[in-house]
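Observations on chain architecture
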Amino acid sequence: MKLATFSPIKGQGPTRIGVVDGDEIVDLAAAAPDLPQEMVAFLEAGAGAVGAAREAVGTGPRIPLADVRLEAPIARPPKFLAVGLNYADHVAESGLETPEHPTIFNKQSTCVTGPNDPVHVPKASHVLDYEGELGFVIGRHARHVSRDDAADYIAGYTVVNDVTVRDWQFRTPTWTMGKSFDTHGPIGPWIITADEVGDPHQLRLRTFVNGDLRQESNTKELIFNCFHLVEYFSTAFTLEPGDIVATGTPGGVGILSKPPKILKAGDVVRVQIEGIGEIENPIIDEPGDTAR
Ligand code: ZN
């Protein structure tokens, strides 16, 4: 089941969640009005809510996908965790040793943006780069969960572009600033439930810039896989429904290409993961009116 957050293009009510089926979306607000209409609350409602959504697919009213705008499936994840140096070819191109422990950082949840929304070249720096990644979404509170049990705590999977401002990333030993600029967390186009993905560690991942293939790998190459990461995180802290983990990027990032290839306004970045879908984001200069 593809769980999406959408807003109608033509004035048919507020942003809400639905289930994508073919080229239509089943409107859960109409089909199952007792369910939470926001994704984190929906995931918190657990297996019962997921079951009710599944039933609604057969009977609920449908809207053509062409008539809606897909938003980030989770607008403001409770946590947006990410993993550095988690594919051997990316470790090698970085000139580093294979890490003994996962390299963990946070993206601020305010960086989340939609699967087709613009990504800003910030006013503060032009050194903008892409990182195509598999993301997983937590479905249940998880603390001290072993890797053998971890699958039960993952609601589903999504596509992430871990957009990075490289000079800000490497100014300091921790990467939070360079990983967290507004609009630098495109996710989507939906969360595909774990039952439909099968083995999450057998998925082809590709990143294109203006149609040119820049990254191509498979999630079987992950050094620390999704289940290992659930165990690792939950050793220290509680994972909660709606938390997103970006699992790391393979080789082929722009900054380490020879010569380096930096994103600029007018570029379009597409990240595709087999069995999940794709996100495609245009790059624009940060507009003048982003101050609040
Ligand atoms: Zn990354």
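Sequence order sets the numbering: in each chain, residues are counted from 1 along the sequence as written. With the structure being a predicted model, the display of local features is reserved for residues of pLDDT at least 70 and the display and counting of side-chain atom pairs for 80 or more, all residues being used for whole-chain, interface and lining totals. Based on all heavy atoms of the structure, the side-chain values leave hydrogens and waters out of the count.

1. Quick look at the overall build of the chain
Counting from the N terminus, the helices are the DSSP runs of H or I reaching at least four residues and the strands are the DSSP runs of E reaching at least two. The helix and strand inventory of the chain stands at seven helices and 19 strands. Compactness check: the chain gives a C-alpha radius of gyration of 18 Å against a globular reference of 19 Å for 292 residues, within 12% of the reference. With respect to the three principal axes, the spread of C-alpha positions in the chain is 55 × 45 × 35 Å. Taken over 292 residues, the chain has a buried fraction of 54%. Here, two residues are considered to be in contact whenever any of their heavy atoms come within 4.5 Å of each other. Relative to all contacts within the chain whose residues are 6 or more apart in sequence, the contacts with residues 24 or more apart total 75%. Accessible area of the chain: about 12400 Å², with a carbon and sulfur share of 51%. Positive residues here are Lys and Arg, negative ones are Asp and Glu, while His and the chain termini are left out of the count. Where a charge sits is defined by one atom per residue type, namely NZ (Lys), CZ (Arg), CG (Asp) or CD (Glu). Taken as two groups, the 25 positive and 40 negative side-chain charges of the chain have centres that lie 4 Å from each other. We take the radius of gyration over the C-alpha atoms and set the globule estimate at 2.2 Å times the residue count to the 0.38 power. Note on classification: 1.4 Å probe, protein chains only; a residue is buried when its accessible area is under 20% of the maximum for its type, exposed when over 50%, partly exposed between these limits. Note that accessible areas follow from Shrake-Rupley with a 1.4 Å probe, and for residues the cover is restricted to the protein chains shown.

2. Considering the coordination of the zinc ion
Distances define the donors: N, O and S atoms within 2.8 Å of the metal qualify, as do those within 3.2 Å of Na, K or Ca. Water is excluded, so some sites may look unfinished. At 1.9 to 2.0 Å from the zinc ion lie its protein donor atoms, namely Glu131 (OE), Glu133 (OE) and Asp162 (OD). Considered as a linear motif, the donors of the zinc ion on their single chain read E-x1-E-x28-D. Within this pair, whereas Glu131 is found in the loop between β10 (128–129) and β11 (132–138), its partner Asp162 is found in the loop between β12 (154–161) and β13 (164–165), the two being separated by 31 residues in sequence. Exposure class is identical for Glu131 and Asp162. Each is buried.

3. Overview of the nonpolar core
Side-chain atoms within 4.5 Å are what join buried Ala, Val, Leu, Ile, Met, Phe, Trp, Tyr and Cys residues into a set we call a nonpolar core. The biggest cluster of nonpolar side chains holds 49 residues, and the ones touching the most others in it are Ile25, Leu128, Phe136, Tyr157, Val230 and Ile276. No other element matches helix α7 (residues 226–236), which puts four residues into this core. Note that the domain bounds reflect an automated or database-derived domain assignment. For this core, the two domains that each supply at least three residues are domain 1 (2–70) and domain 2 (80–285). Those residues within four positions of Ile25 in sequence are excluded, and the remaining contacts are Ala4, Phe6, Gly18, Val19, Val20, Pro61, Arg62, Ile63, Leu65, Val68 and Leu70. Judged by nonpolar contacts, the second largest core, of 32 residues, contains Leu28, Leu35, Val40 and Ala49.

4. Digging into the pairing of strand β6 (residues 80–84)
With five of five residues buried, β6 is to be regarded as a mostly interior element. Residues Phe80, Ala82 and Gly84 line one face of β6 and the alternating positions Leu81 and Val83 line the opposite face, and both faces are buried. Think of it this way: DSSP has to see at least two bridges between two strands before they count as a pair. As paired elements, β6 and strand β17 (residues 244–246) share three bridges and run parallel to each other. Across the sheet, Phe80 pairs through a bridge with Ile244, a residue of β17.

5. With respect to helix α3 (residues 47–59)
For α3, built from 13 residues, the straight-helix expectation of 18 Å at 1.5 Å per residue is met to within 8% by its first-to-last C-alpha distance of 19 Å. When we look at burial in α3, the residues that qualify are Ala49, Val50, Ala53, Ala56 and Val57. Projection of α3 onto a plane perpendicular to its axis shows the buried side chains occupying an angular sector of 115°, all on one side. What points out from α3, more than 90 degrees from its buried face, is the exposed set Ala47, Gly48, Glu55, Gly58 and Thr59. Residues of α3 that are buried make contact with β2 (16–21), β3 (24–27), α1 (28–31), α2 (39–44) and β4 (62–64). To estimate how far a helix should reach, multiply one less than its number of residues by 1.5 Å. Our arc is simply the arc of the directions from the helix axis toward the C-beta atoms.

As far as function goes, none of this settles anything; it's purely spatial.
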